[in-house]
Amino acid sequence: MTAPTTVVPPAPVDPDVSPGPDLTPPRPGRNLMTIPLVAAALRSRWYPGVLQVPIAAVFGLVAYQLLAGPDAAHDNAGTALMWVLWWPVIPIVFVLLGRFWCAVCPFGAISDLVQKWVGVNRPVPAFLKSYGIWVIDAAFLAITWADHVWGIVESPWGSGVLLLLLTTAVIASGALFQRRTFCRYLCFLGGLAGNYARVGMVELRADTGICSTCKAKAACFNGTDTVAACPLFTFPRTMEDSANCNLCANCIKSCPNDAIQIRVRKPTSELWFITKPKLEQSALAMAIMGIVLIQNVTMLEVWTDVLSWIETTTGITSYAVIFTVAFAVAVSVPVALLALASRVAALRNLESATLNFARFGYALIPLDVAAHLAHNLFHLLAEGGSVYSTLTVLFGGTGGTGDPALVGTGTIQVLQFALLALGLAGSFYTARRIAHRRYRTAARRRRTLLPFVVIIALLGAVNVGMFLLPMAHRM
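What counts as what
Residues numbered from 1 in each chain as written. Predicted model: local features only at pLDDT ≥ 70, side-chain atom pairs only at ≥ 80, totals over all residues. Heavy atoms only, no water. Helix = DSSP H or I, 4+ residues; strand = E, 2+ residues; numbered from the N terminus. Rg over C-alpha atoms; globule rule 2.2 N^0.38 Å. Buried < 20%, exposed > 50% of the residue type's maximum accessible area, 1.4 Å probe, protein only. Contact = heavy atoms within 4.5 Å. Areas by Shrake-Rupley, 256 points an atom, 1.4 Å probe, with all protein chains shown as cover. Lys, Arg positive; Asp, Glu negative; His and termini not counted. Charge placed at Lys NZ, Arg CZ, Asp CG, Glu CD. Core = buried A, V, L, I, M, F, W, Y, C linked by side-chain atoms within 4.5 Å. 1 Å grid on protein atoms, 1.4 Å probe; cavity = no way out; pocket = protein on both sides within 12 Å on 5 of 7 lines; lining within 4 Å. Points joined across faces, edges and corners; volume = space filled by probe spheres on them. Nonpolar A, V, L, I, M, F, W, Y, C, P; charged D, E, K, R; others polar. Expected span 1.5 Å × (residues − 1). Pairing = 2+ DSSP bridges. Salt bridge = Lys/Arg side-chain N within 4 Å of Asp/Glu carboxyl O.

Visitor: Lay out the overall build of the chain in plain terms, naming residues and giving numbers.
Guide: Scanning the chain from terminus to terminus reveals 20 helices and two strands. In terms of overall dimensions, the chain is globule-like: its C-alpha atoms have a radius of gyration of 25 Å, near the 23 Å expected for 475 residues. Structurally, the chain occupies a C-alpha span of about 110 × 65 × 40 Å along its principal axes. Looking at the chain residue by residue over its 475 residues, the buried ones come to 51%. Contacts in the chain between residues far apart in sequence, at least 24 positions, make up 83% of those at least 6 positions apart. Accessible surface for the chain amounts to roughly 22,600 Å². Of this, 67% is attributable to carbon and sulfur atoms. Of the side-chain charges in the chain, 35 are positive and 24 negative, and the distance between the mean point of each set is 15 Å.

Visitor: Could you give an account of the nonpolar core, naming the residues involved and the relevant values?
Guide: A general tendency of soluble globular proteins is for nonpolar side chains to be buried together. Counting 117 residues, the largest nonpolar core has Trp-101, Leu-189, Leu-204, Ile-252 and Ile-262 as the members making the most contacts within it. A total of 12 residues in this core trace back to one element, the largest contributor, which is helix H13 (residues 279–299). Apart from residues no more than four positions distant in its own chain, Ile-252 is found in contact with Met-33, Leu-42, Arg-43, Leu-204, Ile-260 and Ile-262.

Visitor: Go over the layout of surface pockets, please, and point to the residues and values.
Guide: Each pocket or cavity is described by its volume, and for the largest pocket that value is around 810 Å³. The wall of the largest pocket is formed by 30 residues, among which Pro-25, Pro-26, Arg-27, Glu-203 and Phe-273 lie closest to the centre. Broken down by secondary-structure element, the contributors of at least two residues to the lining of the largest pocket are strand E1 (202–206), strand E2 (260–264) and helix H19 (409–438). Top contributing element to the lining of the largest pocket by residue count: H19, with four residues. For the lining of the largest pocket, the per-class residue count stands at 12 nonpolar, seven polar and 11 charged.

Visitor: Which residues make up H19, and what are the values?
Guide: For H19, spanning 30 residues, the distance from its first C-alpha to its last is 43 Å, which sits close to the expected 44 Å at 1.5 Å a residue. Of the residues making up H19, those classed as buried are Ile-412, Gln-416, Leu-420, Gly-423, Leu-424, Gly-426, Ser-427, Thr-430, Ala-431, Ile-434, Ala-435 and Arg-437. In this fold, the buried residues of H19 make contact with helix H16 (353–361), helix H17 (365–383) and helix H20 (442–467).

Visitor: Lay out the pairing of E1 in plain terms, naming residues and giving numbers.
Guide: Burial analysis of E1 places five of its five residues in the buried class, which makes it a mostly covered element. Across the two faces of E1 the burial is the same, with Val-202, Leu-204 and Ala-206 and Glu-203 and Arg-205 all buried. Pairing of E1 with E2, which is carried by five bridges, proceeds in the antiparallel orientation. Its bridge partner being in E2, Glu-203 is matched across the sheet by Arg-263.

Visitor: Give me the lowdown on unusual backbone geometry, citing residues and values where you can.
Guide: Following Tyr-47, the chain continues into Pro-48 via a peptide bond in cis, with omega recorded as 0°. For Pro-48, the location among the structural elements is in the loop between helix H1 (36–43) and helix H2 (49–68). Here Ala-218, not a glycine, exhibits a phi torsion of approximately 55°, which is positive. Mapped onto the elements, Ala-218 comes out in the loop between helix H10 (208–211) and helix H11 (219–222). With phi around 65°, Leu-350 is a residue other than glycine that occupies positive phi space. By the secondary structure assignment, Leu-350 is in the loop between helix H15 (319–349) and H16. For Leu-350, a relative accessible area of 69% puts it in the exposed group.

Visitor: Could you give an account of empty space enclosed by the protein, with specific residues and numbers?
Guide: Going through the model one piece at a time under the given rule, you end up with three cavities of 30 Å³ or more. Here the largest cavity is characterised by a volume of approximately 490 Å³. Contributing to the lining of the largest cavity are 35 residues, with Trp-83, Trp-86, Trp-87, Phe-188 and Leu-189 lying nearest its centre. Class assignment for the residues of the lining of the largest cavity results in 24 nonpolar, eight polar and three charged. By volume, the second largest cavity is sized at about 110 Å³. Taken together, 15 residues line the second largest cavity, and the ones lying closest to its centre are Cys-230, Cys-245, Asn-246, Cys-248 and Cys-251. By residue class, the composition of the lining of the second largest cavity is 11 nonpolar, four polar and no charged.

Visitor: If you had to explain the environment of Leu-391 to someone new, which residues and values would you point to?
Guide: Mapped onto the fold, Leu-391 is located in helix H18 (residues 385–394). Separated by 311 residues in sequence, Leu-391 and Ala-80 have C-alpha atoms that sit 8.7 Å apart. Excluding residues that lie within four positions of it along the chain, Leu-391 makes contacts with Ala-77 and Leu-81.

Visitor: Would you mind going over the pattern of salt bridges in detail, with residue names and values included?
Guide: Throughout the structure, instances matching the rule amount to 10 salt bridges. For Glu-203, the salt bridge goes to Arg-205, with nearest N and O atoms at 3.5 Å. Assessed through its relative accessible area of 9%, Glu-203 is described here as buried. Among the ionic pairs, Arg-265 bridges to Glu-270, the shortest N-O distance being 2.6 Å. Judged by its relative accessible area of 3%, Glu-270 is buried. The network of salt bridges with common partners includes Glu-203, Arg-205, Arg-263, Arg-265 and Glu-270.

Structure below.
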């Protein structure tokens, strides 16, 4: 006689228990290497050198003007080219093309030449490999602080000295260490480019199916007899982000199997596919957010009133002391807000506050980029006329004495608010996608998302409020 079959009812599903994160890789976008003109340009021995030469010539002119030109910033073509034109435009390049600027940067070319002539090619120190991004964070903060305390931007000589210091660091790094150690581990602009490249529309990736059968001994990383190694120490086969790829095309030229692709992708999409978030990258995003906040505050007309109130109330008359305190507060607020949101989220998603900070700090990068672009847009459009006038005088013209603004204040504000709206949408959407990939239950997604949505909205509102107020010109 057959024993009756016991039917075991299925265990109840706990809505708070997630079956695990979604590790589906991103869908590849269109490969631009299928376009003959693009493929020919990137494989050419003239790329990127053909772009480095004119850019180096312009930077040479800028450096000469800063050190030997007019003492007044509004009369100096070097100041106008560097701070009114190049500095506002460079974040746009990062968004559109990732770290492409680093491929044509004069500092990178200097490092390559020094290394070729006198380099001893020592390995990158372990300290830099582990803490280089923290050095970059500190350098970014130090340069911003020094600008306000010592007036680097308003002083052509100060800007020239900054360029000389950076050039010295590049030469020293190129003489001592392998490849572009400075660009990867020490350059504050490289750190900014790496963060912003994550929202970019172009990515370099390898076809891992082809790479799995490659017998070229990692030529894409190590280089060949005719092509240099990857300058930023990046192995295309294992790349999951664009932070350390400058589109120099060395790997494209050295790969014998045509496995390297240049793809178009959705802006910000990389941010929710990162499987190994790094605390230091999220900290850099928050530090940049704080820097943008303090830059905006000090350009507001009410800043003068604030200084007067502080002097009257406290008796402190040192601008360096007052600004240092304000700077520390401005940088600390975004970090503290993200830390608080991470702590709240950690109470319900069973992950540490540190991991939440690292993971969801990437969601703030779109707003970070938008706020930075909106700030720089003011300089470009409200002061852009100074570029034309100073260059005209430099080459023998009479220049101009009119309003340096290219468009009216109302137009600038509309564009700034449009950028902030895009940044807010990007950050909200990125946070949502991160939560949906990480947590597979609706309850955990909601509980995790809420604190981060709140701080994104709060930081967005603060930026909107500041851009509503009148700002002072720098030039």
